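Observations on chain architecture
The chain contents come next:
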Amino acid sequence: MLGRTANALFWMFRYLERAENTARLLDAGLRMALTRDLVTAEEEWRSVIATAGHRATYEARHASYTGMQAWNFILRDKDNPQSVLAMFGQVRDNARQSRNAVSGELWEAINDSWIQIKDILAKPVPEQRVGEVVAMIRQAGTLAHGAIGGSMLRDAGYHFARAGSFIERADSTARILDIKYYLLLPSLSYVGSSLDTGQWDTVLRSVSGDRAYRWLNAGQIDAKGIVEFLVLDDRFPRSLAYCHSALRQQLASLARIHGREGQCNALMRDADTRLADISIDDVFEQGLHEFILDFLATNSAIAQAIAEDYRFLA
């Protein structure tokens, strides 16, 4: 497979995953902000903007964190290169560049979703339509993942696309957990104490894990339990453990197809083994923030190694 096609497939699903995750984060932030007073709501929007990685760009334009400003900046602001509208434009552009390697069903799912999202985000989104926009973005991801799963050959293109999804998903879960945990629990001495269950519910909703966690834990919200769920529970498809295990499988499939392993396989094998051998107590002993920084650095190194091993475009 040509490097430019592999690159387009890899980044198409990275941007798709990033747009989906941003929509989930926005939805969780909106739920929390609507139940808070004005001051606390602004802090929640500040947290959402920071978690999405937009704080510097946002504060260069706005002096306050009102909901209307925040969600429109995240969704559609032309001065925000990482807005959902910009990211989905990248999804569509990469799909077009790899048109010869994707199925007709996948192309239609991406193209139709892009037309709908571009139309609904053509003007500022009022409060009564935020939920509709979030649902549309999440549906776009569901349609694309369903199309690739049900219509594409399990060839190199498929595995590059799936690798992009899991690289981005792992990065997003780690960042959400790090920033939210820092804001909610600034000292490890508070682990196990009574915390605002609504705020921890936001963490779970940000990764669509609230129902799964409650089902496994009889509805009990526990800070340490949530961290263990999002880091080590390989049954949950957005946990760090699950993402790296799935990514390792995709890279192994690519190695078989190309008849050789690359640096990305060696890095992935080491990372997956370390995560499988660690306990939640080990994570807290190291320090959650330090653990996540190490994880993010490793995740980024694997993504870079994939690009180098398969000669992606710069």
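Residues numbered from 1 in each chain as written. Predicted model: local features only at pLDDT ≥ 70, side-chain atom pairs only at ≥ 80, totals over all residues. Heavy atoms only, no water.

**Examining the overall build of the protein chain**
A count of helices and strands for the protein chain gives 15 helices and zero strands. When the backbone C-alpha atoms are referred to their principal axes, the protein chain occupies close to 55 × 50 × 35 Å. Across the 314 residues of the protein chain, 54% fall into the buried class. In the protein chain, 68% of the contacts between residues at least 6 apart in sequence involve partners at least 24 apart. Roughly 14200 Å² of accessible area belongs to the protein chain as shown, and the carbon and sulfur atoms make up 49% of that amount. (Helix = DSSP H or I, 4+ residues; strand = E, 2+ residues; numbered from the N terminus. Buried < 20%, exposed > 50% of the residue type's maximum accessible area, 1.4 Å probe, protein only. Contact = heavy atoms within 4.5 Å. Areas by Shrake-Rupley, 256 points an atom, 1.4 Å probe, with all protein chains shown as cover.)

**Digging into the side chain of Ser 98**
Within the fold, Ser 98 resides in the loop between helix H5 (84–97) and helix H6 (104–120). A residue is classified by how much of its surface remains accessible, and Ser 98, at 0% relative accessible area, is buried. Residues contacting Ser 98, with those up to four places away along its chain left out, are Thr 5, Ala 8, Leu 9 and Met 12.

**Concerning unusual backbone geometry**
Residues other than glycine seldom take positive phi values, yet Ser 208 does so here, at roughly 55°. By the element assignment, Ser 208 lies in the loop between helix H9 (197–206) and helix H10 (210–216). Its relative accessible area of 27% is what places Ser 208 among the partly exposed residues.

**Notes on the packing of helix H12 (residues 240–258) against helix H15 (residues 288–309)**
Interaxial distance between H12 and H15 falls to 13 Å at its minimum, and their mutual angle equals 20°. It follows from the interaxial angle that H12 and H15 lie roughly parallel. Where H12 crosses over H15, the handedness of that crossing is left-handed. Across the interface between the two elements, Leu 240, His 244, Leu 247 and Leu 251 of H12 pack against Phe 291, Phe 295, Asn 299, Ile 302 and Ile 306 of H15. (Axes fitted to C-alpha atoms, helices over the stretch in contact; angles between N-to-C directions. Parallel < 35°, antiparallel > 145°, perpendicular 65-115°, else oblique. Left-handed = near helix turned anticlockwise from the far one by under 90°.)

**Some remarks on the packing of aromatic side chains**
This structure, assessed with the given rule, holds nine aromatic pairs. Their ring planes at 90° and their centres at 6.1 Å tell us that Phe 10 and Trp 11 sit as a pair that is edge-to-face. For Phe 10, a relative accessible area of 1% gives the class buried. Take Trp 11: its relative accessible area is 24%, and that puts it in the partly exposed class. Residues Tyr 213 and Phe 229 carry aromatic rings whose centres are separated by 5.5 Å and whose planes lie at 65° to one another, so their mutual orientation is edge-to-face. Separated by 16 residues along the polypeptide, Tyr 213 in helix H10 and Phe 229 in helix H11 (residues 223–232) bring together distant segments of the chain. Each member of the pair, Tyr 213 together with Phe 229, is buried. Cation over ring: Arg 154 sits above Tyr 158, and NZ or CZ is 4.2 Å from the ring centre. (Phe/Tyr/Trp six-rings, centres within 6.5 Å; stacked < 30°, edge-to-face > 60°. Lys NZ or Arg CZ within 6 Å of the ring centre and 35° of its normal.)

**Brief notes about the nonpolar core**
Within the largest apolar cluster, 101 residues are counted, with the highest numbers of intra-cluster contacts made by Trp 45, Leu 75, Leu 106, Leu 251 and Ile 306. With 13 residues, the single largest contributor to this core is helix H1 (residues 3–33). Beyond its immediate stretch of four places on either side in the chain, Leu 106 contacts Met 12, Phe 13, Ala 144, Ala 147, Ile 148, Ser 151 and Met 152. (Core = buried A, V, L, I, M, F, W, Y, C linked by side-chain atoms within 4.5 Å.)

**Looking at the environment of Leu 153**
When you line up the elements, Leu 153 lands in the loop between helix H7 (127–151) and helix H8 (156–184). Judged by its relative accessible area of 66%, Leu 153 is exposed. With 52 residues separating them in the primary sequence, Leu 153 and Ala 101 have C-alpha atoms 9.6 Å apart.

**What to know about helix H4 (residues 67–75)**
The buried fraction of H4 is high, at seven of nine residues. For H4, every residue scored as buried is listed here: Gly 67, Ala 70, Trp 71, Asn 72, Phe 73, Ile 74 and Leu 75.

**Considering the packing of helix H13 (residues 263–277) against H15**
At a minimum axis distance of 8 Å, the contact between H13 and H15 shows a crossing angle of 155°. Put simply, H13 runs roughly antiparallel to H15. In this structure, H13 meets H15 at a crossing whose hand is left-handed. Contacts from Gln 263, Cys 264, Leu 267, Met 268, Ala 271, Arg 274 and Leu 275 in H13 reach Phe 291, Phe 295, Thr 298, Ala 301, Ile 302, Ala 305, Ile 306 and Asp 309 in H15.

**Digging into the pattern of salt bridges**
Tallied over the entire structure, the rule returns 17 salt bridges. Glu 17 is the salt-bridge partner of Arg 169, the closest N and O atoms lying 2.9 Å from each other. Taken together, the positions of Arg 169 in helix H8 and Glu 17 in helix H1 put the pair 152 residues apart, joining distant regions of the chain. Here the two residues Arg 169 and Glu 17 agree in accessibility, since each one is buried. With its nearest N and O atoms 2.8 Å apart, the salt bridge here joins Asp 233 to Arg 235. Of the residues examined, Asp 233 reaches a relative accessible area of 14% and is grouped as buried. Shared partners join several salt bridges into a network, and the residues in it are Arg 61, Asp 77, Lys 78 and Asp 79. (Salt bridge = Lys/Arg side-chain N within 4 Å of Asp/Glu carboxyl O.)

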